[in-house]
Amino acid sequence: MISQWQLRAAFAARLSDMYGREVPAYTTLVDVSREVNEDVLRAQGADAQRLGSISRVTAERHGAIRVGTPRELRQVARIFGALGMRPVGFYDLREAAASAIPVVSTAFRPVDGEELARNPFRVFTSLLTPADPRFFDADLRARLETFLAGRKLFPPELLTLADRADAERELPEPEAERFLQLAVAAFELSTEPVDKAWYETLERVSAVAADIGGVRSTHINHLTPRVLDIDELYRRMTDRGIEMIDTIQGPPAWKGPDVLLRQTSFRALAEPRALRLTDGTVTRGALRVRFGEVEARGIALTREGRALYDHLLTVVDSEAAHRPEADRSDVARTVWEEHLPHSEQELAARKLAYFTYHAAPDRPRDGAQPPSALGELLSQGWVRAEPIVYEDFLPRSAAGIFQSNLNGEGSRNNDQEGASYDAEWLSGAMGREVLDPFALYEEQQNASLARVTEQLGQKPL
Ligand code: OOG
Ligand code: NI
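Residues numbered from 1 in each chain as written. Chains lettered and ligands numbered in written order. Predicted model: local features only at pLDDT ≥ 70, side-chain atom pairs only at ≥ 80, totals over all residues.

- You'll find the protein chain entered in an unreviewed UniProt entry as 2-oxoadipate dioxygenase/decarboxylase, with Streptomyces ferrugineus given as the organism.
- Quoted straight from UniProt, the Cofactor (unreviewed entry) entry for the protein chain says "Fe(2+)".
- In its Sequence similarities (unreviewed entry) section, the UniProt entry covering the protein chain states "Belongs to the 2-oxoadipate dioxygenase/decarboxylase family." (UniProt positions renumbered as here; feature names shortened; annotations may be inferred.)

See the structure below:
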């Protein structure tokens, strides 16, 4: 029998092989990431593995896909459900960037610590929002919905196998093999000719709308390795002549603890595609839909920590606007040094980040009673704190990644009121609850505190 985590690991590995064959620059990115990780490990030793073992980090990937309808999203949820991945977090990209990005998103990922440690594969999944009148007028919406209703992204056999793996949490070997083949094939770039006029009609609204609703299939649009030093990776990719977008999204490089997520990418490449013209003839053209991204992960922030992060982004925005001559990342670094704790201990003490707590095996043996406050337990060496790594995404960074891979601005009519989509709507549309990432981290932290309490024979912390 092949268990869910084995299916997930095999799917991630095969997807990576497929993507590497189809997008060679991705292979370069993976190679350079591995080199950087080896160098960091050599330089820092055990410290380099504080946010995940090197084997987890080396195998770690996230992918991204985009679908058009709630029905398609429900099918995607069944396929990822088979791999032990659940929808976590709601990201509204519609207003997060200057360009028009008519989608709302979630991420499918494993949720418990053991499953994450086995294989943390996740997929950022976006759903088109045809009901938002800022992007689509009634006529275009109707044409788009008709087009989407008439396509089939996943073969029934794949979905049947997915349901079985979802329910039984494993598959016999031959079925697992079949499931993996069908699942990987479903996310390859199709060679079917693209209707040029229809694609361009949607492209005028948004290149993302065209990528989703202008074709009869879906595809993985990037696969992201994790790197331990993203600034170094950026330099080495640039040295190899690969044109990166001009920024690293997320927190700046600084001397304090790494928090949340930093990401950067190389631009979508023009890839040859067959285009069908209105008279039925097929010509060769090129579309830019697949790119390469890389990320560095830090400590998960609590709601308070996240509110501080979001606030600091606005501080950086306004300072950068006042100092157009300054480099934004320098401005950001200065703001961070001033406002963010410079150590993990302080992040923990101010309850800005999540940790798991562990009774120290070598705690004092002088017969002293452990103190009752967490701060004292930590400072007196009774308890150790291990950071919880951030497993999710950031809407503004995601918008930056989307945006830097678009050609035109698209169009958004801001005179119209936007349609309301939220986590609850998405849960209903998908028939599965979109989980709250903060609640997941908190659960993990609380479970560790309960264990500590028991081990120290104390009243609850
Ligand atoms: C998703 C872009 C966002 C991330 O890691 O934040 C993203 C897309 O282009 O479909 O991948
Ligand atoms: Ni991504």
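## Section: the sheet that holds strand E7 (residues 194-195)
Then, number 1: Spatial strand order, E7-E9-E10: three strands in an open sheet with mixed pairing. Where the open sheet ends on each side, the last strands, each with one partner, are E7 and strand E10 (282-297).
Then, number 2: Sheet analysis places strand E9 (residues 261-276) next to E10, joined by 14 bridges and oriented antiparallel. Bridged to Ala274 within E10 is Arg284.
Then, number 3: Seen against the sheet, helix H11 (residues 230-239) touches E9 and E10 and runs at an angle of roughly 40 degrees to E9.
Then, number 4: Helix H16 (residues 395-404) contacts E9 and E10 of the sheet and is inclined by roughly 35 degrees relative to E9. (Pairing = 2+ DSSP bridges. Helix = DSSP H or I, 4+ residues; strand = E, 2+ residues; numbered from the N terminus. Contact = placed C-beta atoms within 7 Å. Axes fitted to C-alpha atoms, helices over the stretch in contact; angles between N-to-C directions.)

## Concerning the nonpolar core
In globular proteins that are soluble, nonpolar side chains generally tend to be buried together.
Then, number 1: In this structure, Leu93, Phe179, Ile299, Ala300, Ala353, Ala398 and Phe402 are the most contacted members of the largest nonpolar core, which totals 114 residues.
Then, number 2: The element that contributes the greatest number of residues to this core is helix H4 (residues 70-82), accounting for six residues.
Then, number 3: Summarising the domain contributions, this core has at least three residues from each of domain 1 (2-294 + 392-430) and domain 2 (305-386 + 448-455).
Then, number 4: Those residues in contact with Ile299, other than ones at most four positions away along the chain, are Pro257, Asp258, Val259, Leu347, Ala353, Pro387, Ile388, Val389 and Tyr390. (Core = buried A, V, L, I, M, F, W, Y, C linked by C-beta atoms within 7 Å. Buried ≥ 20, exposed ≤ 12 C-beta atoms within 10 Å, placed from the backbone. Domains from an automatic or database assignment.)

## Concerning the pairing of strand E2 (residues 61-67)
Then, number 1: Here E2 lies mainly inside the structure; seven of its seven residues are buried.
Then, number 2: Neither face of E2 is open: one carries Arg61, Gly63, Ile65 and Val67, the other His62, Ala64 and Arg66, and all of them are buried.
Then, number 3: When E2 meets strand E8 (residues 222-225), the two strands line up antiparallel, connected through four bridges. In the sheet register, Ala64 faces E8, and the bridge partner there is His222.

## Some details on the environment of Ser99
Then, number 1: Within the fold, Ser99 resides in the loop between strand E3 (86-92) and strand E4 (103-109).
Then, number 2: Between the C-alpha atoms of Ser99 and Ala348, which are 249 residues apart in sequence, the distance is 37 Å.
Then, number 3: Ignoring anything within four residues of it in the chain, the contact list for Ser99 reads Gln403, Leu406, Glu409 and Gly410.

## Thoughts on the site of ligand 1
Then, number 1: As a matter of local geometry, ligand 1 sits amid Ala64, Arg66, Phe124, Ser126, Asn221, Gln263, Glu293, Phe393, Ser397, Ala398, Ile401 and Phe402.
Then, number 2: Looking at the shell around ligand 1, the elements with two or more residues in it are E2, strand E5 (122-128) and H16.
Then, number 3: When residues in the shell around ligand 1 are grouped by element, the largest group, four residues, is from H16.
Then, number 4: Its residues placed into classes, the shell around ligand 1 shows six nonpolar, four polar and two charged. (Near = placed C-beta within 6 Å. Nonpolar A, V, L, I, M, F, W, Y, C, P; charged D, E, K, R; others polar.)

## Some thoughts on the sheet that holds E2
Then, number 1: One open sheet holds the five strands; their spatial order is E3-E4-E5-E2-E8, and the pairing between them is mixed. Lying at the two open borders of the sheet, with one neighbouring strand each, are E3 and E8. Strand-to-strand twist of the sheet, defined as the mean angle between neighbouring strand axes without regard to direction, takes the value 20 degrees.
Then, number 2: Alignment of E2 against E5, held across six bridges, turns out to be parallel. Residue Ile65 lies in a different strand from E5, and its bridge partner there is Thr125.

## A short note on the domain arrangement of the protein chain
Then, number 1: Taken domain by domain, the protein chain holds domain 1 (2-294 + 392-430) and domain 2 (305-386 + 448-455).
Then, number 2: On the domain 2 side, the residues contacting the nine residues of domain 1 number 14 residues.
Then, number 3: For the side of domain 1 that touches domain 2, the residue count by class is seven nonpolar, one polar and one charged.

## So, unusual backbone geometry
Then, number 1: With a phi angle near 60 degrees, Arg169 is a residue other than glycine that sits in the positive phi range.
Then, number 2: With 15 C-beta atoms counted inside 10 Å, the residue Arg169 sits in the partly exposed group.
Then, number 3: Here Lys351, not a glycine, exhibits a phi torsion of approximately 55 degrees, which is positive.
Then, number 4: Relative to the assigned elements, Lys351 resides in the loop between helix H14 (344-349) and strand E11 (355-359).

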